[in-house]
Amino acid sequence: MPSQQKSGPEYERFDFLMNAPALFNAAATAAELGIFIFLSENPGSDFASLRKFTGVPEHQLRVLLQAVCAAGLMERTDGAYRNSAVAQDLLASDEPDSWAHTLIGWKEIYYPAFGQMTKALKAGTNTALESYPGDEPTLYKRLTHNPELEAVFHKAMAAFTLASINDLVEREEFAAVTNLLDIGGGDSTTTARLLERHPRMRSTVFDQPSVSRLAHGKEAQKFLDRIDLVTGDFFDTPFPKGSDAVLFSHVLGIFSAEQIVTLLKKAYDVLPPGGQVFIYDYNVTEDETKGIYGARLGLYFNILASGTGMAYPAEDFEGWLTEVGFENVRTVSELDYEHGFHIGVKP
Ligand SMILES: C[S@@+](CC[C@H](N)C(=O)[O-])C[C@H]1O[C@@H](n2cnc3c(N)ncnc32)[C@H](O)[C@@H]1O
């Protein structure tokens, strides 16, 4: 019988896409079990060594390793297992910038919610939030009731931020900044990288109290004498004055146009003339047809995190900056992982 399977790059992509959720979970499980780090330290290990290391029953480990090999993250030659080049580069470490943390966070928090996609999109609200205790409207606030999961979230967030942040810290706009206000600065990972690059800079990191406690993480610890922590709800609590630049990194995209304008106005009000506002976020393309990281993020916001928001195109951010009164509004586009950097200056 002739083969019915279609061929060509588009069909290959379709085949991969159809199996991607299973392969993603296999990769995250291998990361959780420490397999990539083990193979980095013991390249060429055989099945028996991996079995002893993981403690996973023989048949189940056989199934898992086949999936990780099929995903292209591991190679097996004459019974000897090795990380593929990409797994060795991105997954074989426990350092704060390891993709392993991101995978585990997405597996624990993001993707379980995606089963509710049809329900949430039809309802027009983030129905997946129901499985998190509390009555607050966003995942970020409900995670405060679950410190363990909140730590997993921020470890994943910090790892992704570190993987994508080099373009940001090198931007010339930061060179003259002496007092940064980092709104929704999380565990201070972004601030720490900026302080490392710009020795004259200080930073005030504004986040929820439970998140600020995480600011004693590995990255931020080195700079605690140059970091001030301010806690509260950034919609209700006044922004502190005294900064010459305000940064929103991975924050505004979470929210609706109205909420974004509210936050940008608060930034405008505390800046001196000449003060700068910086938005660092994902952008989909102007025609809203491209951007797989942006696609994942927009869906996650609407199903789970906030019930609104998306990886807005650059034009939207520029429009809101102009509406609030900022001048010299511009975008540096096509930064790593579909990011854009949007700048405005208070006249
Ligand atoms: C996606 S994370 C971004 C973290 C960091 N800026 C980065 O780029 O890695 C969003 C941050 O906003 C904080 N956040 C969300 N809603 C908030 C609110 N209403 N008040 C204060 N912080 C909030 C969260 O706790 C979280 O740390």
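Scroll up a little and you will see the structure.
Rules used in this analysis
Residues numbered from 1 in each chain as written. Predicted model: local features only at pLDDT ≥ 70, side-chain atom pairs only at ≥ 80, totals over all residues. Heavy atoms only, no water. Bend = angle between axes of the 7 residues up to and from the residue. Helix = DSSP H or I, 4+ residues; strand = E, 2+ residues; numbered from the N terminus. Buried < 20%, exposed > 50% of the residue type's maximum accessible area, 1.4 Å probe, protein only. Contact = heavy atoms within 4.5 Å. Patch = residues over 30% accessible without salt bridge, like charges linked within 9 Å, V, L, I, M, F, W, Y side chains within 5 Å. Areas by Shrake-Rupley, 256 points an atom, 1.4 Å probe, with all protein chains shown as cover. Salt bridge = Lys/Arg side-chain N within 4 Å of Asp/Glu carboxyl O. Near = heavy atom within 4 Å. Polar contact = N/O pair within 3.5 Å; in protein donor to acceptor, adjacent residues only side chain to side chain. Pairing = 2+ DSSP bridges. Phe/Tyr/Trp six-rings, centres within 6.5 Å; stacked < 30°, edge-to-face > 60°. Core = buried A, V, L, I, M, F, W, Y, C linked by side-chain atoms within 4.5 Å. Domains from an automatic or database assignment.

Student: Would you take a moment to explain helix α1 (residues 9-32) for this structure?
Tutor: The sharpest bend along α1 measures roughly 60 degrees and falls at Ala20, with the proline Pro21 sitting one to four residues further on. For α1, every residue scored as buried is listed here: Leu23, Phe24, Ala26, Ala27, Ala28, Ala30 and Ala31. Buried positions along α1 lie against α2 (35-41), α4 (58-70) and α6 (99-113). Gly34 lies just past α1 and shows a positive phi near 80 degrees.

Student: Please clarify how a nonpolar patch on the surface should be interpreted in this entry.
Tutor: Together, Phe14, Leu17 and Met18 make up a nonpolar patch on the protein surface, roughly 320 Å² of accessible area in all. You can see Met18 is positioned in helix α1.

Student: What's the story with the environment of Gly124 in this structure? I'm lost.
Tutor: Mapped onto the secondary structure, Gly124 falls in the loop between α7 (117-123) and α8 (139-142). When the C-alpha positions of Gly124 and Gly307 are compared, they lie 7.1 Å apart, and in sequence the two are 183 residues distant.

Student: Would you mind going over the site of the ligand with me for this structure?
Tutor: Taken together, 18 residues are adjacent to the ligand, and Thr161, Gly184, Asp207, Ser249 and His250 come closest. Taking Asp233, its side chain carries an N or O atom lying 3.1 Å from a nitrogen atom of the ligand. One nitrogen or oxygen atom from the main chain of Phe234 is found 2.9 Å from a nitrogen atom belonging to the ligand. A total of 590 Å² of accessible area belongs to the ligand in isolation, and the protein chains cover 97% of it. The greatest single-element share of the shell around the ligand, amounting to three residues, is contributed by helix α9 (residues 147-164).

Student: Would you explain the pairing of strand β2 (residues 80-83) in this entry?
Tutor: Looking along a regular strand, one sees side chains alternate from face to face of the sheet. Relative to β2, strand β1 (residues 74-77) runs antiparallel, the two being bridged by four bridges. Its bridge partner being in β2, Arg76 is matched across the sheet by Tyr81. In sequence, β1 turns back onto β2 through a hairpin of two residues, with Asp78 there showing a positive phi of about 50 degrees.

Student: I would appreciate a short explanation of the packing of aromatic side chains in the present structure.
Tutor: Pairs of aromatic rings are described using the distance from one ring centre to the other and the angle between the two planes. For the structure shown, the criterion picks out 27 aromatic pairs. The interplanar angle of 80 degrees and the centroid separation of 4.8 Å between the aromatic rings of Phe24 and Tyr111 together place this pair among those described as edge-to-face. Note that Phe24 is positioned in helix α1 and Tyr111 in helix α6, a separation of 87 residues in sequence. Given a relative accessible area of 28%, Tyr111 falls into the partly exposed group. Seen in terms of ring centroids, Trp99 and Trp106 are 5.8 Å apart; in terms of plane orientation they differ by 85 degrees. Their pairing is edge-to-face. With respect to burial, Trp99 and Trp106 carry one shared label: buried. An aromatic cluster is defined as three or more aromatic residues linked by ring pairs; in this entry it consists of Phe24, Trp99, Trp106, Tyr110, Tyr111, Phe114, Phe160, Tyr282, Tyr293, Tyr300, Phe301 and Tyr337.

Student: So what exactly am I meant to see when it comes to the nonpolar core here?
Tutor: Counting residues in each nonpolar core, the largest one holds 79 residues, and the members touching the most others are Leu139, Phe239, Phe248, Leu264 and Tyr300. Per-domain counts for this core show at least three residues from each of domain 1 (9-90) and domain 2 (114-345). When residues no more than four places from it in sequence are discounted, the contact partners of Leu264 are Phe248, Leu252, Val277, Ile279, Trp320, Leu321, Val324 and Phe326. The next biggest cluster of nonpolar side chains, apart from the first, holds 22 residues, and it includes Ile165, Leu180, Ala220 and Ala245.

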